[in-house]
Amino acid sequence: MSSRTNGKVVPLENLGELVRDGESVAFGGGWFANHPMAAVRQLIRAGRTGIHAITVVGSVDMDLLAAAGTLGHLSFSMVTLEAFGLAPNVRKGIESGSLPFTEYTGLGLLIGLEAQGRGMPYLPYRGPFGSDIPGRYPEIYATTHCPFTGEQLTAVRALQPDVAIVHALRADAEGNAQWDGTSGPDVEMAKAAKRVIVTCEEVVDRQVIVDNAHMTKLPGYYVDAVIEAPFGAHPTSHVPRYAMDAWELMDYAAAASDPAAIAEYVAQIREETEEGYRARVLKDRDSVLSALVDAAELIEGAQA
Amino acid sequence: MTDYEIHELMTCRVAAEVDNEGVTVMGSFTPLAYASYMLAKLTHAQDAYLVGFDAVGMAPVQLSFTGAEASAYKGAVCRWGMLTEINSIHLANHGGVEAVSSAQFDGSGAINLSAIGPFDAPKVRLPGGAGAAEVIKMYRKMVAYFGNHNPRTLVDKVQFVTGTRWKVGDRSREEAGLQPGPIVVVTNLAVLVKDDDDRPFRIESVHPGVDVQTVVDNTGFELEVPADVPTTAEPTQEQLDLLRNRIDPFGTVKFDFVSGRERLSYLKGILDAEWNRAAARLS
C-alpha cells in the first residue's frame, strides 16, 4: 500500500485551506537554514492576511511575508539577512508603524514554546536581567521567585501558536518526521502548536523512517498534515540536501529594498505554482546547490 | 614586522580569549567570530568545545558563506536543536566565550540590537538580539568586537538595552550564580576591559600606530587610562598563514570591513569562488 493514501498527506496547493486569516503561525528553521519557504510562498499565493508570524531567528521568510502583506503581527527574537543586510520589509513595516511586533529575547521565546509543549502555564529561568525587553511585555515576562531559595527568576508565559509549519528531510504518511542537519526550533514549535503542518523534501514509506528511527525528531501524533515539497526550504538551506542559495538571496536583498522590484518579485510568486518556481529559479543550478554541501570543508589534520 | 590587515589583528586578539573551558555556541555566521574560534582551536585551545548551528562538538571548519553550516555538521559529534542547546549549555552554566557585535555598546556592557530611536516607532529597526540578551549575561567571558571604533557605536548609554552583562565583578557574579569573567572589547583601535562593577572600562592595549588619545576621543563612555598602555600583540606569521590559507581562504572575514559600493562586488567575488569550487566537483 502506498503511504500516500493516508489522509494526512495533502498537496501543497491545499496549504492555504489549512491556515486561516488572522491565525498565529510559528515558522521553523533558523538563520538561513531550513525555513519552510515553499509553505511561505504558498501562503502568499493563497492570499492569506493578518497572519501573526512567530520566528526565533527569521530571515528571508519573514521579510517576504512582510513584503507580500501577509503579516498582521510579527513575534521574533531576530530577523536578519546577515551578509545581505537588515531585512528591508520587516524594517520598513516596523519603522512606519504598519507592522505590529513583539520582540522576545531568544531564550525567552523558546522557553515560552517549551512551557506550552510541557502543558505548563509558564516556566521560570534565570532570565535576561537588565534587558529592557521584559518590561515592555508584562503579559509575557514576569518576575517570580524560587519557592525554595527565594532566588529571583524570570517567568515566561506559555506560547501556543495556532499552527506550526516546519520543513523536514522526510516524513511518512503518519507524520513521523526526520531531520538530518539543522532542526533549530522546529520540534519545540510543533509541540507547542494546536495544529502542525510538516513540509518535507520527500514523503517516504514508514519502513524508511523505521530504518532511521534515530533521526525522527517529531513523532506523527503531533502532526496534522504532511506535504511533499522538494527544495522546500529554498533559497535557505536544507543540509545535507542543499546549501543556501546565496545568489538568489543576493537578488532578493537587492529587490527587497526597492518597492517596485519587490512588488514584482511577489507578483511573480503569486502567479506561478511551486513547480513553476523551481523551474524558474533553480534552472539547472540544483546540482551545484547540492555540491556546495559536499564542497564544504573541514580543516584537515585539525583536532575535533 | 609581518604585513597584516586590521581584521587579522582583531581576529587574533579575539582568539586569544578562547580557551579550553566551557562550550561556545556560535549561532549566526559571523565570520570574524568564527575565524577566531577556528584559529584558537588550531593553536592554543585545541580542546575548545564548539557548537555551530545545531552541530555540537564540531571540528575546525573552513569558512565560507554557503558552506559554514554543512561543514559544521561534517565533524560534529552530536546534533541537537535550539531548546536542548539552551537548556544544556546556556542555562546550565556551561557557556564559555561569546563574541558579539552590536549597533550600540555602552560603558556598562549593555548592547543594543533592537532600535535606534523610540522602540515602538524607531528611526532604524535593528535585527534583534536572538539569544544575546541571555548569553552575554550567562557566559563566562563576554567578548564584543567592533570594526569601526567611534562614539556613535561606543556610546555613553545605549538607547535600548537588548541585553547586558548585569553583574561584572567576579564576586558579584558568583553571588548571583553566574560564572566569573571579564568583558573584553576588541575594536579596530584598541582593547578595552571591564572586570569591576564600580570602575569603568580601562584601555588594556592600543593597536600599533594608534595613540591613547585617539581611543579616548572615539569612545563615548568614560575610560580608565593606565599610566603605561602597552601595544596590542601583532599577528604572528603562523597565525596569518593559518587564517589566510586554511581557515579563511575565501576572505569572508574581510567582507565585514569592506564598506560602501565595494561591498557588493567583494561579496560577489567570494560567492563566485565558492560556486566555481562546487561546480568543479560536478564536472
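Note that the coordinates shown come from a computational prediction; the quantities given were computed from them, not determined experimentally. (Residues numbered from 1 in each chain as written. Chains lettered and ligands numbered in written order. Predicted model: local features only at pLDDT ≥ 70, side-chain atom pairs only at ≥ 80, totals over all residues. Heavy atoms only, no water.)

**Some points on the overall build of chain A**
Thought 1: If you tally the helices and strands in chain A, you get 12 helices and 12 strands.
Thought 2: Relative to the 2.2 N^0.38 estimate, which gives 19 Å for 304 residues, the radius of gyration of chain A is 20 Å and therefore close to what a compact globule would have.
Thought 3: For chain A, the residues scored as buried account for 61% of the 304 residues in total.
Thought 4: Sequence separation of at least 24 residues holds for 75% of the intrachain contacts in chain A that already meet a minimum separation of 6.
Thought 5: On chain A, roughly 10,900 Å² of surface is accessible, and the fraction owed to carbon and sulfur atoms is 50%. (Helix = DSSP H or I, 4+ residues; strand = E, 2+ residues; numbered from the N terminus. Rg over C-alpha atoms; globule rule 2.2 N^0.38 Å. Buried < 20%, exposed > 50% of the residue type's maximum accessible area, 1.4 Å probe, protein only. Contact = heavy atoms within 4.5 Å. Areas by Shrake-Rupley, 256 points an atom, 1.4 Å probe, with all protein chains shown as cover.)

**As for the interface of chain B and chain A**
Thought 1: Counting residues at the interface gives 73 residues for chain B and 68 residues for chain A.
Thought 2: Buried area between chain B and chain A, both sides added, is near 6,200 Å², and the carbon and sulfur share of it is 63%.
Thought 3: When residues of chain B are sorted by the area they lose upon contact with chain A, Met82(B), Arg125(B) and Trp275(B) head the list and together hold 12% of the total.
Thought 4: Applying the counting criterion to the chain B and chain A interface returns 4 salt bridges.
Thought 5: The shortest N-O distance in the salt bridge between Arg277(B) and Glu297(A) comes to 3.7 Å.
Thought 6: Linking chain B with chain A are 31 residue pairs in polar contact (both at pLDDT 80 or more), by the criterion used here.
Thought 7: Only helix 2 (31-42), helix 3 (68-74), helix 4 (82-90), strand 9 (124-125), helix 5 (132-138), helix 8 (237-247) and helix 10 (262-282) of chain B provide two or more residues apiece to the side of chain B that touches chain A.
Thought 8: Per-element tally for the side of chain B that touches chain A: the top contributor is helix 10 of chain B, with 13 residues.
Thought 9: Residue composition of the side of chain B that touches chain A, grouped by class: 35 nonpolar, 20 polar and 18 charged. (Buried area = accessible area lost by both parts, 1.4 Å probe. Salt bridge = Lys/Arg side-chain N within 4 Å of Asp/Glu carboxyl O. Polar contact = N/O pair within 3.5 Å; in protein donor to acceptor, adjacent residues only side chain to side chain. Nonpolar A, V, L, I, M, F, W, Y, C, P; charged D, E, K, R; others polar.)

**A few points about the side chain of Asn34(A)**
All names here are of chain A.
Thought 1: Looking at the element boundaries, Asn 34 is found in the loop between strand 1 (24-27) and helix 2 (37-45).
Thought 2: Among the residues examined, Asn 34 registers a relative accessible area of 1% and is labelled buried.
Thought 3: A distance of 3.2 Å separates a polar side-chain atom of Asn 34 from the backbone oxygen of His 167.
Thought 4: When sequence neighbours within four positions are dropped, the list of residues in contact with Asn 34 reads Gly 28, Gly 29, His 167, Trp 179, Thr 182, Ser 183, Asp 186, Ala 233, Thr 236, Ser 237 and His 238.

**With respect to empty space enclosed by the protein**
Any empty space left between atoms is shown by rolling a water-sized probe over those atoms.
Thought 1: Applying the stated rule across the entire model yields 5 cavities of 30 Å³ or more.
Thought 2: Of the voids in this model, the largest cavity is the one considered here, and its volume is about 70 Å³.
Thought 3: What lines the largest cavity is Phe76(A), Val79(A), Leu86(A), Ala87(A), Val90(A), Arg91(A), Arg125(B), Leu126(B) and Pro127(B).
Thought 4: Elements represented by at least two residues in the lining of the largest cavity include exactly strand 3 (71-79) and helix 4 (88-95) of chain A.
Thought 5: Considering only residue class, the lining of the largest cavity consists of 7 nonpolar, no polar and 2 charged.
Thought 6: Considering only enclosed or pocket space, the second largest cavity measures out at about 50 Å³ in volume.
Thought 7: Residue composition of the lining of the second largest cavity, grouped by class: 3 nonpolar, 3 polar and 2 charged. (1 Å grid on protein atoms, 1.4 Å probe; cavity = no way out; pocket = protein on both sides within 12 Å on 5 of 7 lines; lining within 4 Å. Points joined across faces, edges and corners; volume = space filled by probe spheres on them.)

**What to know about helix 2 of chain B**
Residue and element names in this part refer to chain B.
Thought 1: A rise of 1.5 Å per residue sets the reference length of helix 2, with its 12 residues, at 16 Å; its end C-alpha atoms lie 16 Å apart and thus fit the reference within 8%.
Thought 2: Burial of helix 2 is extensive: 12 of the 12 residues sit out of reach of the surface.
Thought 3: The complete set of buried residues in helix 2 reads Pro 31, Leu 32, Ala 33, Tyr 34, Ala 35, Ser 36, Tyr 37, Met 38, Leu 39, Ala 40, Lys 41 and Leu 42. (Expected span 1.5 Å × (residues − 1).)

**As for the side chain of Glu98(B)**
Thought 1: Relative to the helices and strands, Glu98(B) is located in strand 5 (residues 97-100).
Thought 2: No salt bridge forms around the buried Glu98(B); measuring N to O, its nearest opposite-charge neighbour Arg165(B) is 9.8 Å away. (Lys, Arg positive; Asp, Glu negative; His and termini not counted.)

**Description of the pairing of strand 2 (residues 49-52) of chain B**
Residues and elements named next belong to chain B.
Thought 1: Two elements, strand 1 (residues 23-25) and strand 2, share 3 bridges in a ladder whose sense is parallel. By the bridge assignment, Thr 24 is partnered in strand 2 with Leu 50.
Thought 2: Each parallel crossover has a hand, and the one from strand 1 via helix 2 to strand 2 is right-handed.
Thought 3: Pairing analysis gives 2 bridges linking strand 2 to strand 3 (residues 55-56), with the strands arranged antiparallel. Bridged to Gly 52 within strand 3 is Ala 55. (Pairing = 2+ DSSP bridges. Right-handed = clockwise from strand over helix to strand, strands pointing away.)

**Digging into the packing of helix 2 of chain A against helix 10 (residues 259-271) of chain A**
All names here are of chain A.
Thought 1: Put simply, helix 2 and helix 10 touch, their axes get as near as 8 Å, and they point 90° apart. On the basis of the axis angle, helix 2 is roughly perpendicular to helix 10. From helix 2, Arg 41, Ile 44 and Arg 45 reach across to helix 10, where they touch Val 266, Ile 269 and Arg 270.
Thought 2: Across the contact of helix 2 with helix 10, the residue classes tally to 3 nonpolar, no polar and 3 charged. (Axes fitted to C-alpha atoms, helices over the stretch in contact; angles between N-to-C directions. Parallel < 35°, antiparallel > 145°, perpendicular 65-115°, else oblique.)

**Side note on the sheet that holds strand 3 of chain B**
Residues and elements named next belong to chain B.
Thought 1: Taken in spatial order, the 4 strands make up an open sheet running 1-2-3-4, and their pairing is mixed. The sheet is open, and its two borders are formed by strand 1 and strand 4 (78-79), each paired with just one other strand.
Thought 2: Here helix 4 sits on the sheet in contact with strand 1, strand 2 and strand 3, set at roughly 145° to strand 1.

**A word on the pattern of salt bridges**
Residues and elements named next belong to chain B.
Thought 1: In the structure shown here, the tally under the stated rule is 28 salt bridges over all chains.
Thought 2: Close ionic contact of Arg 13 with Glu 17 constitutes a salt bridge, the shortest N to O distance being 2.8 Å. Placement of both Arg 13 and Glu 17 in helix 1 (residues 6-17) is noted, with a separation of 4 residues, approximately one turn of the helix. Note on accessibility: Arg 13 and Glu 17 belong to one class, buried.

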